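Chain by chain, the residues run as shown.
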Amino acid sequence: LRPDHVRNFSIIAHVDHGKSTLADRILERLGAMGERDKRDQTLDTLELERERGITIKSTPVRLTYTRDNGEQYTFNLIDTPGHVDFNYEVSRSLAACEGVLLLVDASQGVEAQTIVNAYLAIDNNLEIIPVINKIDLPAADPENAARELEDVIGIPASDAVLASGKAGIGIPEILEAIVERIPPPPGDPDAPLKALIFDSFYDAYQGVILFVRVLDGTIQAKDQIVLMNADKGFEVDKVGTFSPGLVVGQELSAGAVGWVAAGIKDIHDAQVGDTLTGKELRTTEAFPGFKPAQPVVFSGLYPTDTEDYRKLRDALEKLKLNDAAFTFEPETSEALGFGFRCGFLGLLHAEIIQERLEREYDLDLIATAPAVVYRVSLTNGEIFETQNPAEFPTRDRIKVVEEPYIKLSIMLPEDYVGPVMQLLQERRGSMITMNYLGKRVELLYDVPFAEILYDFHDRLKSISRGYASMDYEQTGYREGELRKVDIMVQGELVDALAVIVHEDKAYSLGRKIVDKMAEVIPRQMFPVPVQATIGGKIIARATVKAYRKDVLAKCYGGDISRKKKLLEKQKKGRARMKQIGTVEVPQEAFLAVLSTD
Ligand code: GDP
Ligand code: MG
C-alpha cells in the first residue's frame, strides 16, 4: 500500500445538510455497503443514533477508488459525531485526517455548525473541499451559499463543488477532488511508532478496541506498546482496518487508519486523544491536544422503584465500560432515596444515557435537574468544586462562586436579531461581535453555560421560527452571584428539587418551579402548599388544589380535548411517581426548571 495513494478525510456539515446521504452515495459508488446496512452489521452502533439521525461514535470505513486511468487509491472516510456535546471527539477524528468535505445545503447557506466545524478543520490544518449540496432543490441558491462560505470562512467560492447526494449529482467530481486536493498522509514508517487514538469501544472478548491513525512507524501483533498520557503498557493482540466492520490485517504503518486490540480492560486507560507509541522505541512527543474526558453536566438518577437500585448500578457499570466520558457515584437523597450522581458531556449525552437505561435495561428512573460545575471559595478559606445543589453553601458562607462560560455562535436571518438579542440578554449574555452576511447575521456571545442548559435551544428556535442555528464551545470560569433555591412541599424540604441559579433570576425561577409543580402534582384530598425558599426565606408559593369529584365533570359540554389532555396528564404522571411525605410527586416536577412556558 503506497502512502501517496492514501487519502484520509471526513465529511463535516451542519445538521441536516446531507452528510449521511452523501456518505451513503460515496460508499455505494465505491462498491461498499450503504451507511445504514453497515451500521446494522458492525461495531457498537446504537438504535438511538439511527432514530435520532445523529452519530455518537466515529465510524470509519476503508474504500477503494479507481480513477479512469486505472490508478487505485485507498480512501479512509471517518464519520464524526454530529453534536456539540462531542466536539472534542470530532476534533480528534479530524486530527486523524488530511482533509474534509465541508457540506453546505444550497437552500440554507452557512449555519452555526458549518462555521464551528470549518474552524475545527482549519485548526487541524486540513484541506477543505467546499461542497454545495442539495442543488436539486427548487429553492437551491448555490451562488449565494458559495459566497457565504467565502465571506464567513474565507474559502474561495470558485473552489466549491456543486452536488446533490440525493440525486447523485457531482459525485465523480467529489471523488476526483479528494484525490487531487487532499494531500497524502505524511509520516515515516521507519520512525518510532506514534499513533493517535480518535475513538474506542469495548468488546467483551477482545477488550477495548482502539481506533487509531498511525502518524509514524508501524504497528503489528505482539508489539509492546505504551499509551503515553495514561502511561500504561500493553501487548498488541491484533490490528486491522475498517472495510467496513473490523477486518484483521498484518500491520498498520504511517498514514494508515485502523484498529488495535491489545487486551485493554479499562476504557479509561485508552482515552480519545491519547498517543500510542512503542515500549522500546518511543516517540519523543505525544500528539498535542490531549484532554482527559471530563463531564460538564451532572444530574441525579434514581430508580422509581427502590428495589431497582442494584439493577441500576449494574446497568451504569455496563454503560461506563464503553464510555470514558460518563461518570457516576452513589448519592443519597432524603426525598428520593438511594441513587447516583451522574456526569455527562452535555444534555444530549445525558438524555442518551437515560434513554438507554430505560430501553436496554428496562429501568424506570427519576432524573433531577441538570447542573454545571461551580467553583466555590468559602469565607473560611475552603475551596471546592461542586455540581450538586445539596452541597452548595448559603450566602453568608460564600466568598466567591465562579461558573463556567461558553462562547455561543448563532446564525439567523436579520429579521430576528432583535428578539434573539433580547433572549440572550435575559440569559446574562454579552455580545462579542455581530457580523452581517447579506440578509443573515452571525452573533457571537459570551454566555454562562448554565443559561443555555435548560430551554435555550427551544426558545431560540421558536423565536426565530426555526431559522436560527447555534453552536458553542466552553471558554472558562467567571464570578457570579449564585444562590441555591430550595423547594418545600407540604412544609418539607425536598432536597432533590433544589437548584443553583443567579441571584437576579432566583425569584422568577422559584415562581416558575412552584407553579409548574402545582400544575403537575395530582390533586390530593387536601390542599398542598409548594414553596420556593432562599436561605430559609420564602420567595414564591403555590398550592396544589384539593381533589374534587367533579374535576372531569366540569369539562362536559365544553372542550372534549381538554378532558382528554387532563386524563393523559394523569396517566403520564402516574408512570413516574415518587412519594414525598403523603404526596406523590411525578417526574415532571423534578424537571420543572427545564420546562418552557
Ligand atoms: P445529515 O444530518 O447531514 O446527515 O443529513 P441527512 O443526510 O440525514 O439528510 C437530511 C435530509 O435532507 C434528509 O431528509 C435527506 O433526504 C435530505 N437530503 C440529503 N441530501 C439531499 C440532496 O442532495 N437533495 C435533497 N433534495 N435532499 C437531500
Ligand atoms: Mg447524519
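Residues numbered from 1 in each chain as written. Chains lettered and ligands numbered in written order. Predicted model: local features only at pLDDT ≥ 70, side-chain atom pairs only at ≥ 80, totals over all residues. Heavy atoms only, no water.

Looking at an unreviewed UniProt entry, one finds the protein named Elongation factor 4 and attributed to Deinococcus rufus. The UniProt entry for the protein carries the following text under Subcellular location (unreviewed entry): "Cell membrane". (UniProt positions renumbered as here; feature names shortened; annotations may be inferred.)

Peer 1: Before we move on, can you summarise the confidence of the model for the protein with the specific residues and values?
Peer 2: Considering every residue of the protein, the mean pLDDT works out to 87; 89% of them sit at 70 or more. With pLDDT under 50 throughout, residues 38-44 is counted as low confidence; its partners more than four residues away or in other chains account for 21 contacts. Low pLDDT, under 50, characterises residues 553-558; the stretch is placed with 4 contacts to residues that sit more than four places away or in other chains. At the level of chain-chain contacts, confidence expressed as ipTM amounts to 0.99, with global pTM at 0.84. (pLDDT = per-residue confidence, 0-100. Contact = heavy atoms within 4.5 Å.)

Peer 1: Go over the nonpolar core with me, naming the residues and quoting the values.
Peer 2: Leu 94, Val 100, Leu 102, Ile 132, Leu 149 and Ile 153 are the most contacted members of the largest nonpolar core, which totals 35 residues. Going through the elements one at a time, helix H4 (87-95), strand S4 (99-105), helix H5 (112-123), strand S5 (127-133), helix H6 (142-153), strand S7 (194-203), strand S8 (207-216) and strand S15 (257-261) are the ones with two or more residues in this core. Once residues lying within four places of it in the same chain are set aside, the contact partners of Val 100 are Ser 10, Ile 12, Leu 94, Ala 121, Leu 126, Glu 127, Ile 128, Ile 129 and Ile 182. By size, the runner-up hydrophobic cluster in this structure holds 34 residues, among which are Val 489, Ala 532, Ile 539 and Val 585. (Core = buried A, V, L, I, M, F, W, Y, C linked by side-chain atoms within 4.5 Å. Buried < 20%, exposed > 50% of the residue type's maximum accessible area, 1.4 Å probe, protein only. Helix = DSSP H or I, 4+ residues; strand = E, 2+ residues; numbered from the N terminus.)

Peer 1: Summarise the sheet that holds strand S16 (residues 275-278); cite the residues concerned and give the values.
Peer 2: Reading across the sheet, the 8 strands line up as S11-S10-S16-S7-S8-S15-S12-S13 and stay open at both edges, with antiparallel pairing between neighbours. Here the strands that pair on one side only, and so sit at the sheet edges, are strand S11 (232-235) and strand S13 (246-249). This sheet shows a mean twist of 40° between the axes of neighbouring strands, independent of strand direction. Pairing of S8 with S15 involves 5 bridges; the strand directions are antiparallel. If you follow Arg 213 over to S15, its bridge partner there is Val 257. (Pairing = 2+ DSSP bridges. Axes fitted to C-alpha atoms, helices over the stretch in contact; angles between N-to-C directions.)

Peer 1: Summarise the pattern of salt bridges; cite the residues concerned and give the values.
Peer 2: Enumeration over the complete set of coordinates arrives at 26 salt bridges. For the salt bridge of Glu 355 with Arg 359, the shortest nitrogen-to-oxygen distance reads 3.0 Å. Residue Glu 355 and its partner Arg 359 are located together in helix H9 (residues 347-360), separated by 4 residues, close to a single helical turn. Judged by its relative accessible area of 23%, Glu 355 is partly exposed. Residue class for Arg 359 comes out partly exposed when judged on its relative accessible area of 39%. Among the ionic pairs, Arg 356 bridges to Glu 360, the shortest N-O distance being 2.9 Å. Of the two residues, Arg 356 and Glu 360 both sit in helix H9, 4 residues apart, roughly one turn of that helix. A single salt-bridge network, built from bridges that share partners, covers Arg 67, Glu 71, Glu 176 and Glu 180. (Salt bridge = Lys/Arg side-chain N within 4 Å of Asp/Glu carboxyl O.)

Peer 1: Could you give an account of helix H8 (residues 309-321), with specific residues and numbers?
Peer 2: In this model, H8 (13 residues) spans 19 Å end to end at C-alpha, consistent with the 18 Å of a helix rising 1.5 Å per residue. Next to the buried residues of H8 lie strand S17 (297-303), strand S18 (327-333), strand S19 (337-344), H9 and strand S20 (365-367). (Expected span 1.5 Å × (residues − 1).)

Peer 1: Can you explain a nonpolar patch on the surface? Please cite residues and give values.
Peer 2: On the surface, a cluster of nonpolar side chains totalling about 340 Å² of accessible area is made up of Met 525, Phe 526 and Tyr 547. For Phe 526, the position within the fold is in the loop between helix H13 (503-520) and strand S30 (528-534). Its relative accessible area of 31% is what places Phe 526 among the partly exposed residues. (Patch = residues over 30% accessible without salt bridge, like charges linked within 9 Å, V, L, I, M, F, W, Y side chains within 5 Å. Areas by Shrake-Rupley, 256 points an atom, 1.4 Å probe, with all protein chains shown as cover.)

Peer 1: So, the packing of helix H1 (residues 19-29) against helix H7 (residues 171-181): which residues are in play, and what are the values?
Peer 2: Closest axis-to-axis distance for the H1/H7 pair is 11 Å, and the angle between their directions is 85°. In this view, H1 runs roughly perpendicular relative to H7, as classed from their interaxial angle. On H7, the residues that touch Leu 22, Arg 25, Ile 26 and Arg 29 of H1 are Ile 171, Pro 172, Ile 174 and Leu 175. Among the residues forming the contact of H1 with H7, the class breakdown is 6 nonpolar, no polar and 2 charged. (Parallel < 35°, antiparallel > 145°, perpendicular 65-115°, else oblique. Nonpolar A, V, L, I, M, F, W, Y, C, P; charged D, E, K, R; others polar.)

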